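Given next are the chains, with one letter for each unit.
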Amino acid sequence: MDPIVTASDYKYASESSANAIPKQSMSNKYDVVVIGGGHNGLVNAAYLARAGKRVLVLERRHVLGGAAVTEEVFSGFKFSVCSYVVSLLRPEIIRELDLPRHGLEILPLDGTFTPMPGGDYLWRVNDHAKTRREIARHSKLDAEAYDEYGKAMIEMAHFVKPIMSMTPPDPTSLNPKGLMDLLFLGRRFQRLPAEDKYNQVQLMTMSAVDFLDQWFETDVLKATMSASGIIGTFLGVRSPGTAYVLLHHYMGEIDGAFRSWGLSRGGTGAISNAIADAAREAGAQIRTSCPIAKIIVKNGQAKGVVLANGDEIFANVVSSSVDPRLTFMKMVGEEHLPGDFADDLKRYKYRGSSGKVNLALDGLPDFKSLPGAGPHLRGAISISPSVEYMERAYDDAKYGRFSRRPYIDIVIPSLTDPSVAPPGKHVMSCFVQYAPYNLKEGAWDEKREEFGDTVVDTIAEHAPNIKDLILHRQVLTPLDLEREFGLSEGNIFQGELTLEQLFFLRPAPGWAQYRTPIRNLYMCGSATHPGGGIMGASGRNGAMQILKDFGKR
Amino acid sequence: MHDIIIIGGGHNGLVAACYLAKAGLKTLVLERREIVGGAAVTEKLHPGFRCSTLAHSAGPLSPRITKDLQLKRHGLEIIRPEVRVTALNRDGHSIWIYNDAARTASELQKVSAHDARSYPEFEKSFARIGRVLAPLLQMTPPTIEKPAAGELWNLGKLGLAFRGLGKKDAFRLLRWGPMAVADLVAEWFETETLRACIAARGIFGAFAGPWSAGTSAGLLWQAATDGHAAGPALFVKGGMGALTQALAQAAREAGVQIRTGVEVAAIKINDNKASGVVLTSGEAISARAVVSNADPKTTFLKLIDPIDLDPDFLTKMRNYRSTGSAAKVNLALAGLPTLPALNGSGNAAKLSGRIHIGPDIDYLEHAFDAAKYGNFSPQPYMDITIPSLSDPSLAPQGAHVMSIYVQFAPYNLKDGDWNSRREEFGDTVINTLSDYAPNLKELIVARQVITPLDLEQTYGLSGGHIMHGEQSLDQMFAFRPLIGWAQYRTPIGGLYLCGAGTHPGGGVTGGPGANASREIIKDFK
């Protein structure tokens, strides 16, 4: 088996002082320096550049994209190393940045196939009638309910949609704009039909399983649907607050631009590249392999950044797309932060709970419950056979070990996009939960292979030939996600998406408006509203806030 | 002809009856059992031993109700021990929470300087937030559809009070509501037993573990009730039954007629309006309005013909979550058990509040794990009182009664049924407790095990849920029991709810009864 992701050379040059006298020259003064070339940083830069600002993006790694990245880890096999599907990329961003012209192509990822241990399966596809027949095979009542459910969820998604592109108001301030925004939300809720109010309240507060229990009786259907509610959280399918994420599956549909789930041709890195292209065209400069050591702060004001090599770059505004721990604790330094804000940042929960296993395959897996290389392999393959299975996977994580039988969300992008693997070969992306960042026993560096084996063994229970097909294996633990991709504690959303860390509480109470206590320092990553996933909304919202404040200068 | 029939003589039914009679309405209370009190009763456990069969502490009862109904004159005597909660630990490091924060802090000093520093601010913050939330308890939840001017005024006042909290507490309130209580306590304290003991209030009566999101709301609710995040220790001389007896006396004095041993079979409905009830004996009683103190599921799914309800409403009512997870074990003891955790010092005074068994967060969560899969906890979380310590009238000289509230005991068992597993469950409880009180078994004179099924069958609690339904965010305040029906009125004209299945929910507070009576009186005017 090939070596795994090597420990990164990621270092913060803490010895380089932010107080050093700047070697200022006209050529390195920018309007905005964007920290991090992930998709949000790039979206942020693109919007700022389009507004005529002089923008520089600095990326630590040799490749752009952050967690939305394609890398040829093994010769001939291109992995979407971290993030692997597109679902929530805001249509206004696709439109405004004209991403298709810059090479973005979304390919359909049709359906979810859930193999079951008893030899049965559940296979939902975009074809409505087919899915209905399939669900009816398990329960006639559920087939009826599925239609109703879809309609109700689309209504709910309509309600939630404008909140995504809104700057969260501060509910404790008497600022009239904030009050109007709150009133707007209240009125919107009030105007919902009674039935939708009921659903909305339930979605915001209930567990995914409790919510689905009201609609469906088929256990595997509830298990596989509820799985979307726990992705990237340290919660189980029965934890309150997980129902809300069920909506995300319907967000894409109402946008009409593309199917709710899709693959990007060339891997998720192609999305980042398209955005980068749009940013460059608008005049932004982008530099890779440029780790930042410090944000220069003087008199409570951000002035620029110091690179790891000691170079200083000055800017009117610093916009950080990396998470708050890196931005504030490492790059700014606690000494520059108000005590309360620092305390809030320390309370902000990351707690990564997932890992990733990428496989290079010599052929296609053969599932016991539905043999052959059928179209069921072209969609998502979800290892979520029962609610109890999902809940037990969570129980392991609660007590500090990775799930002995994890939830796995698998896609084989090479079936849809042959460009990512040599002819006849395939790449298989396995998102794995739970893999808690903090292990009770042992360390991730020692457990990496054991974790990889658990994932492969779990898949082999459903598709026994998988073990013979594996040519190469890349295992990413939460620790790897932290080291290699700068995601603190390996959280793929730059902080848990739980109710107490959403909207006006993200990432810190009172600092949900992309601004920070350091003047001219902004946040534009997933740690801000509306949060993670390849959505781009944080980057765009952050840019809007920066431009608004530029206007006030 | 009666103006009002109240179904169920639990404490909320009695509180409502008092207020309604005082407003001049001719009120009849019908209680299925031979004694009134519902889940707040004192019953004979064994010759010479009396015990609060179910609830073992007041919530507390709202002071306004105590005053309005002159309950002291009717014999109510509240006992308030200095210590609120004693959390036992197997290694001897027990934790005490007192009513007095300074005293708690000074005791904590022995365990952790950090926690001793944190505790006073923790309690103060909860007290401040509790004061802002307290008016909510006495408020009829607003309609969301078309709030009336008065409702908007009340909400406006609340909004101002919220802003008055200042940024720090205001954001705390917003953050804490949806948070897992395990996270909340970890932000404040480092001592596991202290964390677990505070967190326990968040899962009390809930089908949730400390890692379940939203469990911090339980602490906020407790703070709204009496300013503390920890469970209250407020006993009644003569047991909890003495409280409901005082209420019954107040009711009778106000002119309420109370009949016991009569079970309502159905609510009579004509033209979508309640016109009275029919008893299981066949007797029909008419009234201008019917008020149900029974839980929502019993009321709508058992006492009303489905034909009289909208199918949509019925579906929602069936989905109202009320699967209980609590049980009770009551013991008559020949003497006070020896607890090594107390190091022999001042046993009696130190045990006079609640006794918490659940030494760490993982213990509580493991206890909950079992319930998720349909088993009772092999090592349950327990909330214990020994009321005879502060009220010797409950047991013979030197002997004691011990009331053990046990979680988790899921109503739906995966294997077997509750009637065949009752004693096995009782043994599990005693064995677990014996780890903390090694001589307990030798002292047991009599043991009563009350399973969730008993709670349903004997006390009429649907699903055995002691709160008349889960008190999760989606079933609270304006959503209790259902959104659109949180104002004590129902889709049937002249039919009201006044039990714990309405705002402000479970616990012996009298809140639902008092709030419901206010709405009913409004409608009668």
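Criteria and thresholds
- Residues numbered from 1 in each chain as written.
- Chains lettered and ligands numbered in written order.
- Predicted model: local features only at pLDDT ≥ 70, side-chain atom pairs only at ≥ 80, totals over all residues.
- Heavy atoms only, no water.
- Phe/Tyr/Trp six-rings, centres within 6.5 Å; stacked < 30°, edge-to-face > 60°.
- Helix = DSSP H or I, 4+ residues; strand = E, 2+ residues; numbered from the N terminus.
- Buried < 20%, exposed > 50% of the residue type's maximum accessible area, 1.4 Å probe, protein only.
- Lys NZ or Arg CZ within 6 Å of the ring centre and 35° of its normal.
- Axes fitted to C-alpha atoms, helices over the stretch in contact; angles between N-to-C directions.
- Left-handed = near helix turned anticlockwise from the far one by under 90°.
- Contact = heavy atoms within 4.5 Å.
- Nonpolar A, V, L, I, M, F, W, Y, C, P; charged D, E, K, R; others polar.
- pLDDT = per-residue confidence, 0-100.
- Pairing = 2+ DSSP bridges.
- Right-handed = clockwise from strand over helix to strand, strands pointing away.
- Parallel < 35°, antiparallel > 145°, perpendicular 65-115°, else oblique.

A.B. asks: Any details on the packing of aromatic side chains? Residues and values, ideally.
C.D. replies: Overall, the coordinates contain 34 aromatic pairs over all chains when judged by the stated rule. Each ring, one from B:Phe122 and one from B:Phe189, has its centre 4.9 Å from the other, and the planes form 70 degrees; the classification is edge-to-face. Of this pair, B:Phe122 sits in helix α4 (residues 113–137) while B:Phe189 sits in the loop between α7 (181–188) and α8 (192–203), placing them 67 residues apart in sequence. Like B:Phe122, the residue B:Phe189 is buried in the burial classification. Feature note: the residues B:Tyr119, B:Phe122, B:Phe126, B:Trp176, B:Trp188 and B:Phe189 constitute an aromatic cluster, connected by ring pairs. Positioned above the aromatic ring of A:Tyr30 is the side chain of A:Arg54, whose terminal nitrogen or guanidinium carbon lies 4.5 Å from the ring centre. In this arrangement the basic side chain of B:Lys316 is found over the ring face of A:Tyr198, its NZ or CZ atom lying 4.4 Å from the centre.

A.B. asks: I'd like a rundown of the packing of helix α1 (residues 11–22) of chain B against helix α18 (residues 511–524) of chain B, residues and numbers included.
C.D. replies: All names here are of chain B. Contact geometry for α1 and α18: axes closest at 7 Å, N-to-C directions at 35 degrees. The two elements α1 and α18 meet at a crossing, and its hand is right-handed. From α1, Asn12, Val15, Ala16, Tyr19 and Leu20 reach across to α18, where they touch Gly511, Pro512, Gly513, Ala514, Ser517, Ile520 and Ile521. Residue classes in the contact of α1 with α18 are distributed as eight nonpolar, four polar and no charged.

A.B. asks: I'd like a description of the confidence of the model for chain A, backed by residues and values.
C.D. replies: Confidence in the prediction of chain A, expressed as mean pLDDT, is 90, and 93% of residues score 70 or more. When the criterion is pLDDT under 50, residues 1–26 of chain A qualifies, and its contacts beyond four places in sequence or with other chains add up to 47 contacts.

A.B. asks: For the pairing of strand β1 (residues 29–35) of chain A, give the residues involved together with the corresponding values.
C.D. replies: When a strand is regular, its side chains alternate between the sheet's two faces. All names here are of chain A. Where burial is concerned, most of β1 is hidden: five out of the seven residues are buried. Relative to strand β12 (residues 312–320), β1 runs parallel, the two sharing six bridges. Residue pairing in the sheet places Val34 in a bridge with Ser319 of β12. Pairing between β1 and strand β2 (residues 55–58): four bridges, direction parallel. Bridging from a neighbouring strand, Val33 pairs with Leu56 of β2. In the classification by handedness, the crossover that spans β1, the intervening helix α1 (residues 39–50) and the parallel β2 is right-handed.

A.B. asks: Account for the packing of helix α14 (residues 444–462) of chain A against helix α16 (residues 478–485) of chain A, naming residues and giving values.
C.D. replies: Residue and element names in this part refer to chain A. Two elements in contact, α14 and α16, have axes whose closest approach is 9 Å; the angle formed by their N-to-C orientations is 120 degrees. Taken together, α14 and α16 sit at an angle that is classed as oblique. Packed against α14, whose contacting residues are Trp444, Asp445 and Arg448, the element α16 presents Pro478, Leu479, Asp480 and Arg483 at the interface. Classifying every residue of the contact of α14 with α16 gives three nonpolar, no polar and four charged.

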